[in-house]
Amino acid sequence: QQQVKQSPQSLIVQKGGISIINCAYENTAFDYFPWYQQFPGKGPALLIAIRPDVSEKKEGRFTISFNKSAKQFSLHIMDSQPGDSATYFCAASDPGTYKYIFGTGTRLKVLA
Amino acid sequence: ETGVTQTPRHLVMGMTNKKSLKCEQHLGHNAMYWYKQSAKKPLELMFVYNFKEQTENNSVPSRFSPECPNSSHLFLHLHTLQPEDSALYLCASSQEVGTQYFGPGTRLTVL
């Protein structure tokens, strides 16, 4: 019940295309869903985050879509660029605790 | 990166060595975390400190010993590690249970 399942494990997209990464969770008490971007040799950096009272959040080329009834959320990267090539992690916050439950990560490669 | 810094960035140690990892946060946060990141596995939370008090120990072996002298500094003391402990060790900080901000990590190799 504490797992966050992330897919796909890896993704290859052409430059200018749309990258879509999906996450699913079981615990309906989770109350905060951040996405992190990690480049090789760097720590994860917060990309965008959403709370369950909102169905969509957009920041530049990055959009989170949230489906509360399906217990799923996804990251869409529009007009994908080679500089977006990185590993992306979704997470869910266990409310009232300091715990984030992370997905296993998606390695994205955007071809020039 | 000036928010959360970690030293050293790379560490190679033998199984009988004793070493320490250091983390410092410049964000004014009150909570600090140690995570272990291994290939193809989710980030594993190891320890959480809030206002210098340990609030979480995720069944971590005693060969890993954390120390939090104040809200800005966090250490991870290592002794008699195993090769399977080789991983990227990440430090993070947050204000209360808010968004966590990560450091660049220490790449640890245990021979």
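From a predicted model like this one, the values you see are computed outputs, not experimental measurements.

Student: What exactly am I supposed to notice about the overall build of chain B here?
Tutor: Each helix and strand in chain B was counted, giving 0 helices and 11 strands. Element order for chain B, N to C, with α for helix and β for strand: β-β-β-β-β-β-β-β-β-β-β. Against the compact-globule benchmark of 13 Å for 111 residues, chain B has a radius of gyration of 13 Å, which places it among compact chains. Seen through its C-alpha atoms, chain B measures out along the principal axes to roughly 35 × 25 × 25 Å. Out of the 111 residues in chain B, the part that is buried amounts to 47%. Nonlocal contacts in chain B, meaning residues at least 24 apart in sequence, comprise 52% of its contacts between residues at least 6 apart. By element, 51% of the accessible surface of chain B is carried by carbon and sulfur atoms, the whole surface being about 5,100 Å². Charge centroids of chain B, computed over 10 positive and 9 negative side chains, lie 9 Å from each other.

Student: What is the right way to look at the pairing of strand β9 (residues 87–94) of chain B in this model?
Tutor: When a strand is regular, its side chains alternate between the sheet's two faces. Residues and elements named next belong to chain B. In terms of burial, β9 is largely enclosed, as 8 of its 8 residues are buried. Bridging between strand β4 (residues 31–37) and β9 involves 7 bridges; their strand directions are antiparallel. Along β9, the bridge assignment pairs K36 with Y89. Two strands pair when backbone bridges link them, and β9 and strand β11 (residues 106–110) are joined in this way by 3 bridges, in the antiparallel orientation. Bridge assignment links Y89 to a residue of β11, and that residue is T106. As paired strands, β9 and strand β10 (residues 101–102) are joined by 2 bridges and run antiparallel to one another. Each residue of the ladder has a partner; that of A92, found in β10, is F102.

Student: Explanation requested: the state of the cysteines in the structure shown.
Tutor: Cysteine pairs can be covalently joined through their sulfur atoms, and such a bond is termed a disulfide. Inspection of every chain in the model, using the stated rule, returns 2 disulfides over all chains. With a sulfur-sulfur separation of 1.9 Å, C23 of chain A is cross-linked through a disulfide to C90 of chain A. Taking the sign of the torsion about the S-S bond as the criterion, the disulfide between C23 of chain A and C90 of chain A, at about -95°, is left-handed. Of this pair, C23 of chain A sits in strand β3 (residues 19–25) while C90 of chain A sits in strand β9 (residues 86–93); the two residues are 67 residues apart in sequence, bridging distant segments of the chain. Summarising the burial analysis for this pair, C23 of chain A and C90 of chain A share the class buried. Between the sulfur atoms of C23 of chain B and its disulfide partner C91 of chain B the distance amounts to 1.9 Å. In this structure, the disulfide formed by C23 of chain B and C91 of chain B twists by about -75° around the S-S bond and is classed as left-handed. Of the two residues, C23 of chain B sits in strand β3 (residues 18–25) while C91 of chain B sits in strand β9, which places them 68 residues apart along the sequence. Taking relative accessible area as the criterion, C23 of chain B reaches 0% and is therefore assigned buried. The class of C91 of chain B is buried, set by a relative accessible area of 0%. Cysteine C68 of chain B shares no disulfide, and the gap to the nearest cysteine sulfur, in C91 of chain B, comes to 9.0 Å. Looking at C68 of chain B, the relative accessible area reads 11%, which means it is buried.

Basis of the calculations
Residues numbered from 1 in each chain as written. Chains lettered and ligands numbered in written order. Predicted model: local features only at pLDDT ≥ 70, side-chain atom pairs only at ≥ 80, totals over all residues. Heavy atoms only, no water. Helix = DSSP H or I, 4+ residues; strand = E, 2+ residues; numbered from the N terminus. Rg over C-alpha atoms; globule rule 2.2 N^0.38 Å. Buried < 20%, exposed > 50% of the residue type's maximum accessible area, 1.4 Å probe, protein only. Contact = heavy atoms within 4.5 Å. Areas by Shrake-Rupley, 256 points an atom, 1.4 Å probe, with all protein chains shown as cover. Lys, Arg positive; Asp, Glu negative; His and termini not counted. Charge placed at Lys NZ, Arg CZ, Asp CG, Glu CD. Pairing = 2+ DSSP bridges. Disulfide = S-S within 2.5 Å.

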